[in-house]
Amino acid sequence: QVQLVESGGGLVQAGDSLRLSCAASGRTISSSAMGWFRQAPGKEREFVAFISRSGSITYYTDSVKGRFTISRDSAKNTVYLQMNSLKPEDTAVYYCAAKLRPALATVAREYDYWGQGTQVTVSS
């Protein structure tokens, strides 16, 4: 069992940066691939970023490439999402998720554990 807790969300202006954190407990996340997803009001949950167990492989949805960076710190059992040059369309609740199987996945149903989410609001 893995418990995931996101933090770091907030209200910012367009062009600002935020760093989201996802702290894991109950089980080390070093054995899990990790992902970030987001869900805007009235929309389906969408994939944002993926990082492999070792951290050597990362993958992003096109709309955040070059602006967001996913990373992990196994010693702290934490995964991060650095978000730069934020845009109003990035406004959403952001969720981290853990995946027991190592393969890259961009579909929510492929992930086994989820956090409760953290709100990110970007004003224009």
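Look above for the structure.
So, a few notes on the structure that sits alongside this text. Keep in mind the model is a prediction, meaning the values are calculated, not measured. (Residues numbered from 1 in each chain as written. Predicted model: local features only at pLDDT ≥ 70, side-chain atom pairs only at ≥ 80, totals over all residues. Heavy atoms only, no water.)

Along the chain, Glu-6 falls in strand 1 (residues 3–7). One buried charged side chain, Glu-6, makes no salt bridge at all; its nearest oppositely charged neighbour is Arg-45, positioned 7.4 Å away. A distance of 2.8 Å separates a polar atom in the side chain of Glu-6 from the backbone nitrogen of Cys-96. A polar atom in the side chain of Glu-6 sits 3.0 Å from the backbone nitrogen of Gln-116. With residues up to four places along the chain from it excluded, the contact list for Glu-6 reads Ser-21, Cys-22, Trp-36, Tyr-94, Tyr-95, Cys-96, Gly-115, Gln-116, Gly-117 and Thr-118. (Helix = DSSP H or I, 4+ residues; strand = E, 2+ residues; numbered from the N terminus. Buried < 20%, exposed > 50% of the residue type's maximum accessible area, 1.4 Å probe, protein only. Lys, Arg positive; Asp, Glu negative; His and termini not counted. Salt bridge = Lys/Arg side-chain N within 4 Å of Asp/Glu carboxyl O. Polar contact = N/O pair within 3.5 Å; in protein donor to acceptor, adjacent residues only side chain to side chain. Contact = heavy atoms within 4.5 Å.)

Another point: the pairing of strand 7 (residues 68–73). Of the two faces of strand 7, the one holding Phe-68, Ile-70 and Arg-72 is buried and the one holding Thr-69, Ser-71 and Asp-73 is not buried anywhere. As paired elements, strand 7 and strand 8 (residues 78–83) share 6 bridges and run antiparallel to each other. Its bridge partner being in strand 8, Phe-68 is matched across the sheet by Met-83. What sits between strand 7 and strand 8 in their antiparallel hairpin is a turn of 4 residues, with Asn-77 showing a positive phi close to 55 degrees. (Pairing = 2+ DSSP bridges.)

Relative to the helices and strands, Thr-78 is located in strand 8. Residues Thr-78 and Ala-23, spaced 55 residues apart in sequence, show a C-alpha to C-alpha distance of 4.5 Å. From its side chain, Thr-78 meets the backbone oxygen of Lys-76 in a polar contact 2.8 Å long.

Attention now goes to the state of the cysteines. By the definition in use, this model includes 1 disulfide. Residue Cys-22 pairs covalently with Cys-96 via a disulfide, S to S 1.9 Å. Between Cys-22 and Cys-96 the disulfide shows an S-S torsion of about 50 degrees. By sign, it is right-handed. Taken together, the residues span a long stretch of sequence, with Cys-22 in strand 3 (residues 18–25) and Cys-96 in strand 9 (residues 92–99) at a distance of 74 residues. Residue classification places Cys-22 among the buried positions, given a relative accessible area of 0%. (Disulfide = S-S within 2.5 Å.)

Here we come to the nonpolar core. One finds Leu-4, Trp-36, Leu-81, Met-83 and Tyr-94 to be the most contacted residues of the largest nonpolar core, which totals 29 residues. Those elements giving two or more residues to this core turn out to be strand 3, strand 4 (33–39), strand 5 (46–51), strand 7, strand 8, strand 9 and strand 11 (118–123). When residues no more than four places from it in sequence are discounted, the contact partners of Leu-4 are Cys-22, Ala-23, Ala-24, Ile-29, Met-34, Cys-96, Ala-97, Ala-98, Tyr-113, Trp-114, Gly-115 and Gln-116. With 7 residues, the next largest nonpolar core counts Ala-33, Phe-47, Phe-50 and Ala-105 among its residues. (Core = buried A, V, L, I, M, F, W, Y, C linked by side-chain atoms within 4.5 Å.)

This part takes up the side chain of Arg-38. Summarising the element assignment, Arg-38 is placed in strand 4. Among the residues examined, Arg-38 registers a relative accessible area of 5% and is labelled buried. Within the structure, Arg-38 has its side chain in polar contact with the side chain of Ser-63 (distance 3.4 Å). At 2.9 Å, the side chain of Arg-38 and the side chain of Asp-90 are in polar contact.

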